[in-house]
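Listed below are the residues making up each chain.
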Amino acid sequence: MTSVSGAAAAGEGWGQGCGANCFTLDEDGFTCRRVLDAPEVWRVELLMHDTFLPSVNAFVVLDGGEALVVDAGTPDPLNDTRLMRALLGLGVDPAETPTTLFCTHAHIDHVGLARELAEAGARVLVPEGVLADMRRFAVPAWRDEMAARMRAEGAPDAEAVELADVIWDHVVNFETEKIAFSTVAPGDAVRLGRWAFEVVAAPGHTVGQCVLWEPETRTAFLGDAVLFLCSTCIGFWGEGEDPLGEQLRTLGALAEKGIEHAFMGHGLQEGSVSERCLGNADHHERRSARALAAIAERPGSTGYELVPAMGWRAPFDRWAETPAMTRWFLVSESIAHLDHLVATGAVRRERGADGAHRYFAVE
Ligand SMILES: [Zn+2]
Ligand SMILES: [Zn+2]
């Protein structure tokens, strides 16, 4: 193939049909596909960076000549092109079409293209709690707080800093980034044509995450509140907070909502949302029970010492060669389990003379 025909092929590489109600966004298999008729929802699959997740979803909802985009992918130029091609293919020009971007939470894989959408003319909506997340977690002080907490849990100094460094800036702060936005609160409605999507708080994965809920069609946009691909990551917040407890309450509430059509940040719905929420809650409860058993067996262990005893499928024999991001997920979610056991009164945390937290089961 000559370079000329190669260039022509590249030029023709998007917008091709990939079945009914589907068009390609490039030649790498990224597509925009209609996933629901009422409301009319299109899934835009975008490249995910840095984790084992294969992709991240942005959803475009259309009605009455307006567009609602739920979450905005990771920030790279190819994803920017893919999302803009999806909008173009759907006849949406944010400069002409009233377009709203709703961000479920401020993780970089969900707000990465917020600036591009805002600059193209979209109105950006952020839940109040997510703005609070941005102010609390997208600042260097949080990196230091994280490192200090992991040190207190017994992580070696260098590793505590390494793990904090690898993750702390995965929250984007729209204020310091100067991305224009306005806020909404739980209970508010995000309107689109004939539809009204209710903003519903869903804390756990982050402090302020919110989902969108349309009760008539029982449709929900869930961000990372629950996934079918894997268990959603629950990291520690501050000492005295209980993110896992929050997540268990969120899963319980979502299980009772009667969601029929769920659109999540990663992957697709596979079966009953209610069953998935309850199953995921059980999964967390089993891990907490393992943590409690390990503490009962070895009272006075530090958090860091307890990580391998919590039943993770992870290469603890090759810990040093394990990517920092993976080690971060393991340590952080283990600490969240310990915080949960302390919050529920099952475990007592004592600070030793060396400053390290040690754990004891409450009889
Ligand atoms: Zn997330
Ligand atoms: Zn995500």
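See above for the structure.
An account of the accompanying structure is given in this report. (Residues numbered from 1 in each chain as written. Chains lettered and ligands numbered in written order. Predicted model: local features only at pLDDT ≥ 70, side-chain atom pairs only at ≥ 80, totals over all residues.)

## Structural notes on the overall build of the protein
Then, in step 1: Broken down by element type, the protein carries 11 helices and 15 strands.
Then, in step 2: When its C-alpha atoms are laid out on the principal axes, the protein stretches across 65 × 50 × 40 Å.
Then, in step 3: Expressed as a percentage of its 363 residues, the buried residues of the protein come to 43%.
Then, in step 4: For the protein, contacts bridging at least 24 residues in sequence account for 63% of all contacts bridging at least 6. (Helix = DSSP H or I, 4+ residues; strand = E, 2+ residues; numbered from the N terminus. Buried ≥ 20, exposed ≤ 12 C-beta atoms within 10 Å, placed from the backbone. Contact = placed C-beta atoms within 7 Å.)

## Here's the deal with helix α7 (residues 157-167)
Then, in step 1: Taken together, the buried positions of α7 are occupied by Ala-160, Leu-163 and Ala-164. In a view along the axis of α7, the buried residues occupy a sector of 100 degrees, so they form one face of it.
Then, in step 2: Residues of α7 that are buried sit in contact with α6 (140-152) and α11 (324-343). (Arc of directions from axis to C-beta.)

## Notes on α6
Then, in step 1: Helix length check: α6, at 13 residues, gives a terminal C-alpha distance of 19 Å against a target of 18 Å (1.5 Å per residue), a fit within 8%.
Then, in step 2: Listing the buried residues of α6 in full gives Trp-142, Met-146, Ala-147, Arg-149, Met-150 and Ala-152.
Then, in step 3: Elements in contact with the buried residues of α6: α5 (128-137), α7, α11 and β15 (357-361). (Expected span 1.5 Å × (residues − 1).)

## Some thoughts on the pairing of β15
Then, in step 1: When strand β14 (residues 347-351) meets β15, the two strands line up antiparallel, connected through 5 bridges. By the bridge assignment, Arg-351 is partnered in β15 with His-357.
Then, in step 2: Two successive antiparallel strands, β14 and β15, enclose a turn made up of 5 residues, where Gly-355 displays a positive phi of approximately 90 degrees. (Pairing = 2+ DSSP bridges.)

## Topic: the sheet that holds strand β11 (residues 210-214)
Then, in step 1: Read from one edge of the open sheet, 5 strands run β9-β10-β11-β12-β13, paired in mixed fashion. The open sheet has two edge strands with one neighbour each: β9 (189-192) and β13 (261-264). Each strand of the sheet is rotated relative to its neighbour by a mean of 25 degrees, with strand direction disregarded.
Then, in step 2: Strand direction decides the pairing type here: strand β12 (residues 219-223) and β13, joined by 4 bridges, are parallel. Bridge assignment links Thr-219 to a residue of β13, and that residue is His-261. (Axes fitted to C-alpha atoms, helices over the stretch in contact; angles between N-to-C directions.)

## Topic: the nonpolar core
Then, in step 1: Formed by 101 residues in total, the largest nonpolar core has its most connected members in Val-60, Val-69, Leu-101, Val-211 and Leu-212.
Then, in step 2: If near-sequence neighbours (up to four positions away) are discounted, Val-60 is found in contact with Trp-42, Val-44, Ala-67, Val-69, Ala-86, Leu-87, Leu-90 and Val-92. (Core = buried A, V, L, I, M, F, W, Y, C linked by C-beta atoms within 7 Å.)

## Considering the packing of helix α8 (residues 243-256) against α11
Then, in step 1: Running from N to C, α8 and α11 cross one another at 85 degrees; their axes reach a closest spacing of 7 Å. It follows that α8 is roughly perpendicular to α11 by the angle criterion. Residues Pro-243, Leu-244 and Gly-245 of α8 pack against Ala-336, His-337, Asp-339, His-340 and Ala-343 of α11.
Then, in step 2: Per-class residue counts for the contact of α8 with α11 are 4 nonpolar, 3 polar and 1 charged. (Parallel < 35°, antiparallel > 145°, perpendicular 65-115°, else oblique. Nonpolar A, V, L, I, M, F, W, Y, C, P; charged D, E, K, R; others polar.)

## Some points on the environment of Leu-306
Then, in step 1: Mapped onto the fold, Leu-306 is located in helix α10 (residues 303-306).
Then, in step 2: Sequence separation between Leu-306 and Asp-50 is 256 residues; the distance between their C-alpha atoms is 26 Å.
Then, in step 3: Residues in contact with Leu-306, not counting those within four places in the same chain, are Ala-291, Ala-294, Ile-295, Ser-301, Ser-334 and Tyr-359.

## A closer look at the sheet that holds strand β3 (residues 40-47)
Then, in step 1: Read from one edge of the open sheet, 8 strands run β1-β2-β3-β4-β5-β6-β7-β8, paired in mixed fashion. For this open sheet the edge positions go to β1 (22-24) and β8 (182-184), each flanked by a neighbour on one side alone. For this sheet, the mean angle separating the axes of adjacent strands, direction not counted, is 25 degrees.
Then, in step 2: Here strand β7 (residues 123-127) runs beside β8; their pairing, made up of 3 bridges, is parallel. Paired with Leu-125 across the two strands is Ser-182, which belongs to β8.
Then, in step 3: Taken strand by strand, α5 contacts β7 and β8, and its axis lies near 85 degrees from that of β7.

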